[in-house]
Amino acid sequence: MADLTTTYMGLKLASPLIASSNPLNLDIENLASLERFGVGAAILPSLFEEQIDVEDVYETYKRHYYGNAIPQPLQHLTTMQGYNKGSAGYLSLIFLAKQAVDMPIIASLNGVSTEGWIRYARLLEGAGADGLELNTYYLPTYTYHTSQGIEDQYVRLVEAVRASTKLPLAVKISPYISALPQFVKRLSDAGADAVVLFNRFYQPDIDTVLETVTPNLELSTHTELRLRLRWAALIHGQVETDLGITGGIQSGQDLVKAILAGGTVGMSASALLRSGVSYAGDILEEFEQWMDRHGYPTVEAMCGKLSPRPGEKSTAFVRANYIKELRSYAEKHDIV
Ligand SMILES: Cc1cc2nc3c(=O)[nH]c(=O)nc-3n(C[C@H](O)[C@H](O)[C@H](O)COP(=O)(O)O)c2cc1C
């Protein structure tokens, strides 16, 4: 039987399936079930810096969660002002989750200011998180924003957080970067233990009756995985950092693809939201059966198997696939 254990940003995981950041992971029972179904780690929904109001976190913590049982690393919060119950609740969630499960619990942070990222990174570490994912979700909205400026900002952010916490650090990025391999390398050099490909930018729709902009969060489908597979395959082997794949993993076969392309782990949110946390067990069962059928003893042996070898990288690989795909469409539809 295949060995599903693996290592991601230095953390030992029971399997390469991670429950990606989503509201299911706010529930301790769900976290316990995910662990039972074999999931390697869970990433909590992001703590957004904007959700923080001025409130004494200590008082909130004490009132709503443990009475006087404040974990030692958080004792210093007694003197801190300026945190709301959002952040206090989040810290207590980490604390409770760590009591309930053995699998790594990765906190997620979406900050605005560098100072905010650093401050909360330290709090999350104090609360007992095993790792930290930086959810970088920044849209260049003005004409004076440059690609270089935005990339530099991300790199500086990673350097600053890296310097302020010892937690294993992942950075979840968007695909809208023109030279992705180089950017991922810069993040790796700045201290990211993992880079997660890719954030989904939720795109609002327009209601043509009311003539308003409407939020419209749709769950992902298989097709979104392709973009991740290409970039994981191209980047794998060129950087030190681990690669996490998020976006479009709906089945065990999809998880197989993510690892063959070069992902260290694959993550799931939409599939679990659609089918429930027990579906993680189905994904892993299919994944394990595939490994057995194909004779892979470990996940590591599969990782990057379909990533092009050095030298094959870049234009030859990309153009060859492009031409092949165009030709196969034309042939399939009897166009030529
Ligand atoms: C309802 C919902 C809430 C999410 N919340 C967060 C979040 O707080 N932070 C984050 O980094 N990603 C968040 N995500 C993104 C997921 O973690 C994941 O990266 C994305 O949905 C792509 O994976 P999937 O195709 O498996 O859904 C959320 C996704 C959904 C559907």
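Refer to the structure printed above.
Being a predicted model, the structure only gives us computed values, none of them experimental.

Undergrad: Please explain the overall build of the protein as it appears in this structure.
TA: Within the protein one finds 12 helices and 12 strands. Each of the 336 residues in the protein was classed as buried or not, and the buried ones make up 51%. Of the contacts made within the protein by residues no fewer than 6 positions apart, 73% connect residues no fewer than 24 positions apart. In the structure as shown, the protein presents an accessible area of about 16,700 Å², 53% of it carried by carbon and sulfur atoms.

Undergrad: Please explain a nonpolar patch on the surface as it appears in this structure.
TA: A contiguous nonpolar patch, built from Tyr-137, Tyr-202, Leu-217, Leu-219 and Leu-273 and spanning about 450 Å² of accessible area, is present on the exposed surface. Residue Leu-217 is classed as exposed on the basis of its relative accessible area of 57%.

Undergrad: For this particular structure, what's the right way to read the site of the ligand?
TA: Around the ligand sit 19 residues, and of these Ser-20, Ser-21, Ser-46, Ser-220 and Ser-270 come closest. Lys-172 is positioned with one of its side-chain polar atoms (N or O) 2.9 Å from an oxygen atom of the ligand. One of the backbone nitrogen or oxygen atoms of Gly-247 is found 3.3 Å away from an oxygen atom of the ligand. Protein chains shield 90% of the accessible area of the ligand, which is 610 Å² for the free molecule. Those elements giving two or more residues to the shell around the ligand turn out to be strand E4 (41-48) and helix H9 (270-275). By residue class, the composition of the shell around the ligand is 7 nonpolar, 10 polar and 2 charged.

Undergrad: So what exactly am I meant to see when it comes to the sheet that holds strand E7 (residues 169-173) here?
TA: Hydrogen bonds between backbone groups are what pair the strands of a sheet, and the pairing can be parallel or antiparallel. With parallel pairing, the 8 strands of this closed barrel are ordered in space as E3-E4-E5-E6-E7-E8-E11-E12. Strand-to-strand twist of the sheet, defined as the mean angle between neighbouring strand axes without regard to direction, takes the value 25 degrees. When E7 meets strand E8 (residues 194-197), the two strands line up parallel, connected through 4 bridges. Of the residues in E8, the one forming a bridge with Val-171 is Val-195.

Calculation rules
Residues numbered from 1 in each chain as written. Predicted model: local features only at pLDDT ≥ 70, side-chain atom pairs only at ≥ 80, totals over all residues. Heavy atoms only, no water. Helix = DSSP H or I, 4+ residues; strand = E, 2+ residues; numbered from the N terminus. Buried < 20%, exposed > 50% of the residue type's maximum accessible area, 1.4 Å probe, protein only. Contact = heavy atoms within 4.5 Å. Areas by Shrake-Rupley, 256 points an atom, 1.4 Å probe, with all protein chains shown as cover. Patch = residues over 30% accessible without salt bridge, like charges linked within 9 Å, V, L, I, M, F, W, Y side chains within 5 Å. Salt bridge = Lys/Arg side-chain N within 4 Å of Asp/Glu carboxyl O. Near = heavy atom within 4 Å. Polar contact = N/O pair within 3.5 Å; in protein donor to acceptor, adjacent residues only side chain to side chain. Nonpolar A, V, L, I, M, F, W, Y, C, P; charged D, E, K, R; others polar. Pairing = 2+ DSSP bridges. Axes fitted to C-alpha atoms, helices over the stretch in contact; angles between N-to-C directions.

Note that all results are geometric; they support no functional claim without further evidence.
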